[in-house]
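Spelled out from the first residue to the last, the chains are:
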Amino acid sequence: DVILFESHLSSRTYILNRDKKLNALDQTMLDVLRPKIEEWASADLCKLVIGRGNGRAFCAGGDVASVVTQAANPSTRPRAIEFFKREFELDYLLAALGKPYVAVMDGI
């Protein structure tokens, strides 16, 4: 799994699990993570959200390798733009979360 989830009492944790790519977010990760964050945001039992990454990095941001290829081609450019739109929406969702959010950034 590219993202692992843990629940302990009132804390909820996501663990980015693409350590060979420094946990850079790809489309699949966005598709998996956003609904879970939205669920936790509205869950009364969730009082704390924790994010961390397996391996040497928390998250290297968006995985731009495929996005650059898409952006270079006018016919696939809208997909590249949509990727960053969705990534920034997730960033905003986490920033505006109505409960404490802790990102464990140990390493790169």
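Note that the coordinates shown come from a computational prediction; the quantities given were computed from them, not determined experimentally. (Residues numbered from 1 in each chain as written. Predicted model: local features only at pLDDT ≥ 70, side-chain atom pairs only at ≥ 80, totals over all residues. Heavy atoms only, no water.)

Asker: How should the overall build of the chain be read in this particular structure?
Answerer: Check the secondary structure of the chain and you find three helices and four strands. Here the C-alpha radius of gyration of the chain, 15 Å, is about what a compact globule of 108 residues would show, namely 13 Å. Projected onto its principal axes, the C-alpha positions of the chain cover 50 × 30 × 20 Å. Counting all 108 residues of the chain, 33% fall into the buried class. If you take every contact in the chain between residues at least 6 apart in sequence, the share linking residues at least 24 apart comes to 71%. (Helix = DSSP H or I, 4+ residues; strand = E, 2+ residues; numbered from the N terminus. Rg over C-alpha atoms; globule rule 2.2 N^0.38 Å. Buried < 20%, exposed > 50% of the residue type's maximum accessible area, 1.4 Å probe, protein only. Contact = heavy atoms within 4.5 Å.)

Asker: Hey, could you run me through the packing of helix 1 (residues 27-42) against helix 3 (residues 77-95) in this one?
Answerer: How two helices pack is summed up by the angle between their axes together with the distance between the axes. Following both chains from N to C, one finds helix 1 and helix 3 inclined at 30°, their axes separated by 10 Å at the closest point. In terms of their interaxial angle, helix 1 and helix 3 are classed as roughly parallel. Along this stretch, helix 1 crosses helix 3, giving a crossing that reads as left-handed. Residues Gln 27, Leu 30, Asp 31, Leu 33, Arg 34, Ile 37 and Glu 38 of helix 1 lie in contact with helix 3, whose contacting residues are Phe 83, Arg 86, Glu 87, Glu 89, Leu 90, Leu 93 and Leu 94. (Axes fitted to C-alpha atoms, helices over the stretch in contact; angles between N-to-C directions. Parallel < 35°, antiparallel > 145°, perpendicular 65-115°, else oblique. Left-handed = near helix turned anticlockwise from the far one by under 90°.)

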